[in-house]
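Chains, contacts and geometry: an overview
The lines below spell out each chain.
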Amino acid sequence: MHGDETTGKDIRALQQKFRDSGISRRDFLAALSALGISAVGARSHLASASALALSPRKGGTAIYANNLHGPDDQLDPIVFTSGIDYTRGRACYNNLTQILDHLTLHPELAEEWSANRDGTEYTFKIRKGVEFHDGSPLTADDVVWSMNRHLGADSPSVIKAYFTSVTEWRKVDKHTVRAKLSTPDRDLPVKLGEKQAKIVKKDTTDFRKGIGTGPYILESFEPGVRSLHTRNPNYWRDGPNFDSLVLTAITDPIARVNALIAGDVHLIASVNSRSVRLIESTEGVHVNSTPSGRYGGICCLKNTPPGESDHFVKGMQYIQDRERIVRSILKGHGQVGNDHPISPAYGADHCTELSQRQYDPDKAKWHLKQAGISSAELFVAPVAAGIVETCLLMQANLKKIGFDLSIRQVPTDGYWGAVWMKEPMNVVSWNMRPTANSMLAIQFAPGAAWNDTYWNNPRFGELLQMQLAETDPARRYEMLCEMQRLVHEGSGMVIPCHINILDGVSDRIHGIPVVPLGAMGAYEWVEFAWMSE
Amino acid sequence: MSTPVNNPTGESGQTGAISEEQPRRSLKFSGAGKTGIVVILFWITMVFIGPWVAPFHEAEFLDEALFIEPGLDDPYPATDFLPPGDVAYLGTDYLGRDTLSRLLYGARTTIGVSLLSTLLAYLIGITLGIAAAAGGRVLDSSLSRLNDAVLSMPTIMLGMVVISAYGSTLPVLIALTSLIYASSVFRIARAFGLDIMVSDFVDAARVRGEGLGWIIRREVLPGMILPMASDFGLRFVYIILFLSGLSFLGLGVQPPQSDWGSMVRENLAGLPYGAIAPLIPALAIASLTVAINLVVDDISAHHGGKLAEKII
Amino acid sequence: MLIRAVLHRIATGLVTLVVVSVLIFLGTSVLPGDVASIILGQMATPESLAALRSTLGLDQPAYVRYFLWLGDLLSGDLGVSKAGAGAGTGGTSISEMIAPRLINTVQLAGAVALIAVPLSLGLGLAAATYPGTRLDRSITLSTLGLVSVPEFLVATALVLVIAVYLGWLPATAYVSGTETGMALLKTLALPTLTLVIVASSQIIRMTRASVLNVMSSPYIEMAVLKGLPRRRIVLHHALPNAVGPIVNVIALNLAYLISGVVIVETIFAYPGLAKLMVDAVQTRDLPLVQACAMIFCSAYILLVFIADLASILSNPRLRYPQ
């Protein structure tokens, strides 16, 4: 990114001009391309410029098409696992905290919070005057009940690993709650902004009514078909802009793009990188390409052959033609990976001192020879954008150095239970987490439930704990950097690239926050986006 | 009398005797039929020599350096969905692989799997069909109920279950496809079998004291083989389409192997860009389908047009 | 005679339904994973799985759940889909889930049948009336060409041309269940057109073959000798005797339109039964899979029965058996 500073200034000037209707849309785009900004970048600048030009307008029905849905669509936040659930959750419920543009943390239902000195006790002030959709007021009891659902060995919560240090949530008074921790966790407030940490009504047994404090009230919900939501007139802050929302899915990627172009829907998730050019060349729609930390990787299990050989893993890492993967498989909508999960999208947490591992067939060949292995079997399912294609390229490149990689493609359903963490070589996808520590902990902590390469490094485990307790930013960064280096050098994980989030959006939709944690500003569009005439 | 009810094609009578009644003429092909034979022979040749005449390996990602345009200083030109050119004669696919090579390699998988599955489907279907027709009430009704059960389920759903459980290796695909399509063959074979079993000439054979085996071998089988062969053409293309339908759900042949149906599917994203990558394999399927059916039409015309009667 | 046949049909139909339910039960039990592991997906742990299983009542042995399901079914209860209940106690009633989708499926299949059946009968008869002519040859070639194009290519190409470039119709059959009149026709138009192309080819080919087959019978030769016009011979003498195979093909195609159109339902995001069953299998939602299977099997049995009835009634020789 050369000359970011000046370019940024120029863009802002142009945006200003565009906003004041000084130049046409076409001239604006041309001027941006003169500044060396790609068409995709230009479109998003244009979109934000138009957004600046007008203040949010109330009204309209926004139709959102996710890439997946089915009979297992949920409204119980603790078992949310898919984008359609996250979006519905964002419409129905609120969190205590909220992660917005560029991973900044904001208060949501918790007006303010404080920690004791060693970070083992957090106190949250709960906003007053907030009502659930059924009219009952939000109190500390609801918060305690909702948060306690994530605790305990028998909790089905999918983010309970975040809260292993939390021993209990306790009500202090009607609008104050306190979390007690066994070990310090400086990241706790950020983790509370996660998509599953929603506040529901105490003693809810049937979640399908979606009763929360969120910006939209659930009108109807047909799992695997659609849900309808209308604006919550009693929302506790100025807020929801659409009159109503329709949340559905179009599972075929090409049909989804066609529906956006034909104007059937306004927002689509998971645009295939090959369809970006098509959308960009169509009037009235654009693609938001957001660099993220999420990735599709290849796990080589460290507790079994062939992954237990460090040489074997190195061979698999050096055979990744990372530049070409980003260039021809992701069509530029991704970043080269460096075999650890903390991409530049994590901002200051990304370690800049680590050297980039390059495509080097000779080194790969040498390492594989050292390992004494000449063939392997890799289980593949289309769990992440481009991962199957990445494995095919890897297979073709391995063939050139005399290594026979056979690929077993299996269906996605049942994959996580039957293949992942079981077969010696398999693919995995990981979404970006709100902090580098939570990402590293969930996947690489010694003995962690989802340590999917069975990599066991005691020093890494120590660092994780120390970093959570540390308050000095320089020390925190140093520890994060060391952890990234340890994963990069020792784990069984191959991370060829990080995948951008590709959202297809109608030009009439404005104000989608830029949050790299998930589609459409990590689903925050629901509360902040609006529709122009 | 429950025969008409049990007889799914609703036909009865002396169908079995037809081939006996026809005068033997020498088979003459029309112009269309001859073209069909040429196309079929071409593809059969490709099944055997395809991988050797293909310019590249089916799995090879073509090097970007091959496509650098002199004069343009782009060191990494796009390699996907290229139109036909000097390097890739039929253009490239969504990953920048050579479409022609994939088509030639794919001929083996596509035709091989479909042909084997079709033949197996006939073998199983006819065997069980005759067994049901000749083997008594209990066997007949248990086989028929089981068959109805399979036939009433969507084929893609059956495929999904089997592949999720046993993987999509070629043997599994062939076994699965042949079992699914055996159920429709069974229906026809049983109907023919029942017709023939109650016919006068079988009665006569029984009176002569011939055994069941003799009757099946000498009367039942010859009476149904030819009519059933005529339905081969459509069945064959249904199996190709079934495989492509599986690939739509991500359950087709194992990558990087190519089969024509999956090739259409994987390159579909190129359609709005006007890429020919999804059309070429579709044309290949169509050429084979039309060719086989033109030949079948000629054969059935030769046998008095009776053959197509029981095709379902 | 007819009543006995109907009773016999109902009895064998019930047996077939039981066979289907057992097959489904056995089939889905070999699949990896269960509802709980699909819900939790990548984020499952042994403890959370066990907890969710016991909340959802999945901790009983599979065969016990099968008989419980069978018992419920006999008392007219299709059961509850647990997939969407989360860790709560609720669950969506399957009959509620299926009813709107069944209507959609019947709507689409009906629309396709309404166009495809007369169209293909017409084209098939035209080809059979003038066999070997340019008309016959072009009908044959185009049906063969079309039958060999994968459904998803037909559907995607139609969407690209008609919805995206021309903008005449919506790209997805976005059925909210409230559309009526023109809006409903518009949403149904593209999926219907796709399926008409898919379903017609076989009916056309069958019609042509069956009619031509009858045309070589002695009594048709008699009619020709009497000097009757060709069209009259085909329509009044040949067609009635060729009804059997034709109605059978139509019945099987209708059964396919009800159960087998998952690709079209996916591409047009049309909430029908076929996609529901695929989703149900993928989420291992056994009661939901069973419910769909029962509907598909009943539809199949009914359609084949109607086809047989039609061919019996149309054929005097079958109507009065010796």
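Described below are features of the structure shown in this document. (Residues numbered from 1 in each chain as written. Chains lettered and ligands numbered in written order. Predicted model: local features only at pLDDT ≥ 70, side-chain atom pairs only at ≥ 80, totals over all residues.)

Glancing now at the overall build of chain C. A count of helices and strands for chain C gives 14 helices and two strands. Taken along its principal axes, the extent of the C-alpha atoms in chain C is 85 × 60 × 35 Å. When burial is assessed residue by residue, chain C has 54% of its 322 residues classed as buried. Counted over contacts in chain C with a minimum sequence separation of 6, partners at least 24 positions apart contribute 69%. (Helix = DSSP H or I, 4+ residues; strand = E, 2+ residues; numbered from the N terminus. Buried ≥ 20, exposed ≤ 12 C-beta atoms within 10 Å, placed from the backbone. Contact = placed C-beta atoms within 7 Å.)

Check the secondary structure of chain A and you find 18 helices and 22 strands. Burial status across chain A gives 57% buried among its 533 residues. Counting only contacts in chain A whose residues sit at least 6 apart along the sequence, the fraction spanning at least 24 positions is 68%.

Another aspect to go through is the pairing of strand S17 (residues 425-430) of chain A. Residue and element names in this part refer to chain A. Most of S17 sits inside the fold, with five of its six residues counted as buried. Relative to S17, strand S13 (residues 295-300) runs antiparallel, the two being bridged by six bridges. Along S17, the bridge assignment pairs Gly-296 with Ser-429. (Pairing = 2+ DSSP bridges.)

Moving on, we come to the interface of chain C and chain A. Between chain C and chain A, the contact holds 47 residues from the first and 40 residues from the second. Elements supplying a minimum of two residues to the side of chain C that touches chain A: helix H2 (35-40), helix H3 (46-56), helix H7 (151-165), helix H11 (262-267) and helix H12 (273-282) of chain C. It is H7(C) that contributes the most residues to the side of chain C that touches chain A, five residues altogether.

Turning our attention to the sheet that holds strand S6 (residues 166-173) of chain A. Residue and element names in this part refer to chain A. Taken in spatial order, the four strands line up as S4-S5-S7-S6 in an open sheet, and their pairing is antiparallel. At either margin of the open sheet sits one strand with a lone partner, and together these are strand S4 (110-115) and S6. Going from strand to strand, the sheet's axes swing by 20° on average, the running direction of each strand aside. For S6 and strand S7 (residues 176-181), the ladder comprises six bridges, and the chain directions are antiparallel. Bridge pairing links Glu-168 to Lys-180 in S7. This element, helix H5 (residues 140-148), spans strand S5 (121-126), S6 and S7 of the sheet and lies at about 175° to S6. (Axes fitted to C-alpha atoms, helices over the stretch in contact; angles between N-to-C directions.)

Moving on: unusual backbone geometry. A cis geometry characterises the amide bond from A:Pro305 onward to A:Pro306, with omega recorded as -5°. Tracing the backbone through its elements, the reader meets A:Pro306 in the loop between S13 and helix H9 (310-318). Looking along the chain, the bond that leaves B:Pro255 and enters B:Pro256 is cis, with omega of 5°. Examined against the element boundaries, B:Pro256 turns out to sit in the loop between helix H10 (232-248) and helix H11 (260-266).

This brings us to the nonpolar core. All names here are of chain C. Formed by 345 residues in total, the largest nonpolar core has its most connected members in Val-211, Met-277 and Cys-292. With 17 residues, helix H10 (residues 230-259) is the largest single contributor of residues to this core. The residues touching Cys-292, leaving out its near neighbours within four places in the chain, are Leu-273, Leu-276, Met-277 and Ala-280. (Core = buried A, V, L, I, M, F, W, Y, C linked by C-beta atoms within 7 Å.)

Below, the discussion takes up the sheet that holds strand S20 (residues 501-506) of chain A. All names here are of chain A. The seven strands are arranged S8-S9-S10-S1-S11-S20-S12 in an open sheet whose pairing can be described as mixed. Strand pairing shows two members of the sheet lacking a second neighbour, strand S8 (216-222) and strand S12 (285-290), which therefore form its edges. Here strand S1 (residues 61-66) runs beside strand S10 (residues 244-249); their pairing, made up of six bridges, is parallel. Of the residues in S10, the one forming a bridge with Tyr-64 is Leu-247.

All names here are of chain C. One can describe the packing of helix H5 (residues 94-129) onto helix H13 (residues 286-314) by two numbers: an axis separation of 11 Å at closest approach and a directional angle of 40°. For the element pair H5 / H13, the angle class is oblique. Note that H5 runs across H13; the crossing there is right-handed. The segment H5 lies against H13, with Ile-94, Ile-98 and Leu-102 engaging Pro-287, Leu-288, Ala-291 and Ile-295. Across the contact of H5 with H13, the residue classes tally to seven nonpolar, no polar and no charged. (Parallel < 35°, antiparallel > 145°, perpendicular 65-115°, else oblique. Left-handed = near helix turned anticlockwise from the far one by under 90°. Nonpolar A, V, L, I, M, F, W, Y, C, P; charged D, E, K, R; others polar.)

All names here are of chain C. One can find Ala-113 in helix H5. With 79 residues separating them along the chain, Ala-113 and Thr-192 place their C-alpha atoms 9.1 Å apart. Not counting chain neighbours up to four residues away, the residues in contact with Ala-113 comprise Leu-254 and Leu-257.

Residue and element names in this part refer to chain A. The sheet contact formed by strand S2 (residues 97-100) and strand S3 (residues 104-107) spans four bridges and is antiparallel. When the bridges of S3 are listed, Thr-97 appears paired with Pro-107. The antiparallel hairpin formed by S2 and S3 contains three residues in its connecting segment, where His-102 sits at a positive phi of about 55°.

Before going further, it helps to spend a moment on the interface of chain B and chain C. Contact residues are listed per partner, giving 50 residues for chain B and 57 residues for chain C. Broken down by element, the side of chain B that touches chain C gets its largest block of residues, seven residues, from helix H6 (residues 155-166) of chain B. Of the residues in the side of chain B that touches chain C, the class split is 29 nonpolar, 14 polar and seven charged.

Moving on, we come to H7(C). All names here are of chain C. Compared with the 21 Å implied by 1.5 Å per residue over 15 residues, the 20 Å span of H7 between its first and last C-alpha is a close match. For H7, the set of buried residues is Glu-151, Phe-152, Leu-153, Val-154, Ala-155, Thr-156, Leu-158, Val-159, Ala-163 and Val-164. At the exit of H7 stands Gly-167, carrying a positive phi of roughly 70°. (Expected span 1.5 Å × (residues − 1).)

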